[in-house]
Amino acid sequence: MLSAPLSDEFARRRERLRTLISTGPEPLDVFVVSDLTNVRYLSGFTGSNAALSIAAEGSEGDRICTDGRYLTQVAEQSGDLVAVIARNCTDELVGAAAASGATRIGFEADVTTVATHARLVDALEGRGQLIGRTGLVAELREVKDDAEIELLRRACAIGDAALAEIIADGVIRAGATEREVARALESAMFRHGADEISFETIVAAGANSAIPHHRPTPTALSDGDFVKIDFGAVAGGYHSDMTRTYVLSRAADWQREIYDLVSTAQAAGRAALKAGADLRGIDAAARSVIEDAGYGDQYVHGLGHGVGLEIHEAPGIGKLATGTLPSGAAVTVEPGVYLPGRGGVRIEDTLVVTDGEPELLTATDKTFTVI
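Residues numbered from 1 in each chain as written. Predicted model: local features only at pLDDT ≥ 70, side-chain atom pairs only at ≥ 80, totals over all residues. Heavy atoms only, no water.

Caption draft 1: Quick look at the overall build of the protein chain. Scanning the protein chain from N- to C-terminus turns up 10 helices and 19 strands. The C-alpha atoms of the protein chain give 23 Å as radius of gyration, which agrees with the globular expectation for 371 residues (21 Å, within 12%). When the backbone C-alpha atoms are referred to their principal axes, the protein chain occupies close to 70 × 40 × 40 Å. Counting every position in the protein chain, which comprises 371 residues, the buried fraction comes to 53%. The long-range share in the protein chain, meaning contacts at least 24 apart out of those at least 6 apart in sequence, stands at 67%. Carbon and sulfur atoms make up 51% of the accessible area of the protein chain, which totals about 15200 Å². (Helix = DSSP H or I, 4+ residues; strand = E, 2+ residues; numbered from the N terminus. Rg over C-alpha atoms; globule rule 2.2 N^0.38 Å. Buried < 20%, exposed > 50% of the residue type's maximum accessible area, 1.4 Å probe, protein only. Contact = heavy atoms within 4.5 Å. Areas by Shrake-Rupley, 256 points an atom, 1.4 Å probe, with all protein chains shown as cover.)

Shown next, in the form of structure tokens:
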């Protein structure tokens, strides 16, 4: 069964959602959550088939639905909720809400297909109204609670320890392939306690380091290469994300120049992470450093993104971002400069925004390093 403190945390998250759906100009009677990540955030349930209904008038009306494969799991992970066993969970909960007298039934419009919507209309049987809403749970997930931040700390610490291990063991060396380094780092993350990896590890050497999201190949590392490593570990469902760039054996002046530029931009981006700061302004703080140095066209992505139960989640920090940065958000800061045919540098940290200085979760040294 869920431990009481964690069960209480999920209940508090549902209460925050209840406030959102029951207030405002168009309040709902019930909101049905079908995105599995959002179901996990609100209930702790990690099965592959589930939906959750949140009642506007009180927690006694909340239900979780899953199928018969997960009878034991739903009791263990979400024992504080009434469980409904069915195969088509979203349809089941919408129909149940209508049968109970709910007239305004919300659903996650941003994850519901046209075919599913047609089934939901059938499930209503002419009772009530379906109302699509977008981003309600994503809005809640932007601000991490204490339990989430602790899991993020753990995931980042696993990444730090794994990278330190493979450096100490001499894995990053001339003759090793990108793929060998990537697999060694992933194995180290599991040894240090990762539940899984955040995404396919990026190891990009030499000219490949100028490709922002290069996939590891049998390319061998060579002396004088930039070696860019972007990776993360998952702990309790929460993802870490970190990038470090090294030079192998010997460094050229142009490599030091590019590295120092990206390092300066990254420091400016971290310094701009203030609660309430404009998201575009945060991006501009780092981007202007690179643009002023004449490398604006070689910086081809946003400054960062939220991280949590998903590796990329709100808020996004970039030139087209809207809104402000909330206290409690966990975000990356990852500027880069990429010179096609030569090499590139990205430096990335995961941080938690506070009312003061942000908390740095990825502790691996960022000093220019020749391995």
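That was the structure; now back to the text.
Caption draft 2: Quick peek at the packing of aromatic side chains. By the definition in use, this model includes three aromatic pairs. Considering the side-chain rings of Phe 45 and Tyr 70, the 5.7 Å spacing of their centres and the 90 degrees angle between planes classify their relative orientation as edge-to-face. With Phe 45 in the loop between helix H2 (36-43) and strand S2 (50-55) and Tyr 70 in the loop between strand S3 (63-66) and helix H3 (71-77), this pair connects stretches of sequence that are 25 residues apart. No difference in accessibility class separates Phe 45 from Tyr 70, as the two residues are buried. Ring plane angle 75 degrees and centroid distance 5.2 Å describe the contact between Tyr 259 and Phe 368, whose orientation is recorded as edge-to-face. A residue pair is termed long-range when its members are at least 10 positions apart, and Tyr 259 in helix H9 (residues 253-271) and Phe 368 in the segment after strand S19 (359-360) qualify at 109 residues. According to the relative accessible area criterion, Phe 368 is buried, its value standing at 18%. Taking NZ or CZ as reference, Arg 287 lies 4.0 Å from the ring centre of Tyr 299, over its face. Positioned over the ring face of Trp 254 is Arg 342, at 4.1 Å from the centre of the ring. (Phe/Tyr/Trp six-rings, centres within 6.5 Å; stacked < 30°, edge-to-face > 60°. Lys NZ or Arg CZ within 6 Å of the ring centre and 35° of its normal.)

Caption draft 3: Highlighting the packing of helix H7 (residues 146-168) against helix H8 (residues 178-191). The N-to-C vectors of H7 and H8 enclose an angle of 130 degrees; their axes lie 8 Å apart at closest approach. Taken as axis vectors, H7 and H8 run oblique relative to one another. Note on packing geometry: the crossing formed by H7 with H8 is right-handed. Counted together, Ile 158, Ala 162, Leu 163, Glu 165 and Ile 166 of H7 and Val 181, Ala 184, Leu 185, Ala 188, Met 189 and Arg 191 of H8 form the full contact between these two elements. Across the contact of H7 with H8, the residue classes tally to nine nonpolar, no polar and two charged. (Axes fitted to C-alpha atoms, helices over the stretch in contact; angles between N-to-C directions. Parallel < 35°, antiparallel > 145°, perpendicular 65-115°, else oblique. Left-handed = near helix turned anticlockwise from the far one by under 90°. Nonpolar A, V, L, I, M, F, W, Y, C, P; charged D, E, K, R; others polar.)

Caption draft 4: Structural view of the pattern of salt bridges. A complete count under the given rule lists 24 salt bridges for this structure. For Arg 87, the salt bridge identified is with Asp 67, shortest N-O distance 3.2 Å. With Arg 87 in the loop between strand S4 (82-85) and helix H4 (89-99) and Asp 67 in the loop between S3 and H3, the pair connects residues that are 20 residues apart, well separated along the chain. By relative accessible area, which is 4% here, Asp 67 ends up buried. Between Arg 141 and Glu 313 there is a salt bridge, with the nearest N and O atoms lying 2.7 Å from each other. Of this pair, Arg 141 sits in helix H6 (residues 136-141) while Glu 313 sits in strand S14 (residues 313-317), and the two are 172 residues apart along the sequence. You'll find Arg 141 and Glu 313 in the same group, each marked buried. (Salt bridge = Lys/Arg side-chain N within 4 Å of Asp/Glu carboxyl O.)

Caption draft 5: Inspection of the UniProt feature "domain: Creatinase N-terminal" (unreviewed entry) in the protein chain at higher detail. Residues annotated by UniProt as "domain: Creatinase N-terminal" (unreviewed entry) correspond here to residues 13-143. Along residues 13-143 one finds 40% helix and 21% strand; the C-alpha atoms at either end are 11 Å apart. (UniProt positions renumbered as here; feature names shortened; annotations may be inferred.)

Caption draft 6: Local environment of the nonpolar core. Grouped together as the largest cluster of nonpolar side chains are 32 residues, with contacts concentrated most on Leu 17, Ile 21, Phe 31, Val 33 and Leu 52. Elements represented by at least two residues in this core include exactly helix H1 (4-22), strand S1 (30-33), H2, S2, H6 and H7. At four residues, the largest contribution of residues to this core is made by H7. Residue-level mapping places this core at the junction of two domains, with at least three residues from each of domain 1 (4-140) and domain 2 (146-360). (Core = buried A, V, L, I, M, F, W, Y, C linked by side-chain atoms within 4.5 Å. Domains from an automatic or database assignment.)

Caption draft 7: The sheet that holds strand S7 (residues 196-197), seen in detail. Across the sheet, which stays open at both edges, the three strands sit in the order S7-S10-S11 with antiparallel pairing between neighbours. Here the strands that pair on one side only, and so sit at the sheet edges, are S7 and strand S11 (238-239). Both strand S10 (residues 233-235) and S11 contribute to a ladder of two bridges, which runs antiparallel. Bridged to Ala 235 within S11 is Tyr 238. Of the strands in this sheet, S10 and S11 are in contact with H7, which crosses S10 at around 145 degrees. (Pairing = 2+ DSSP bridges.)

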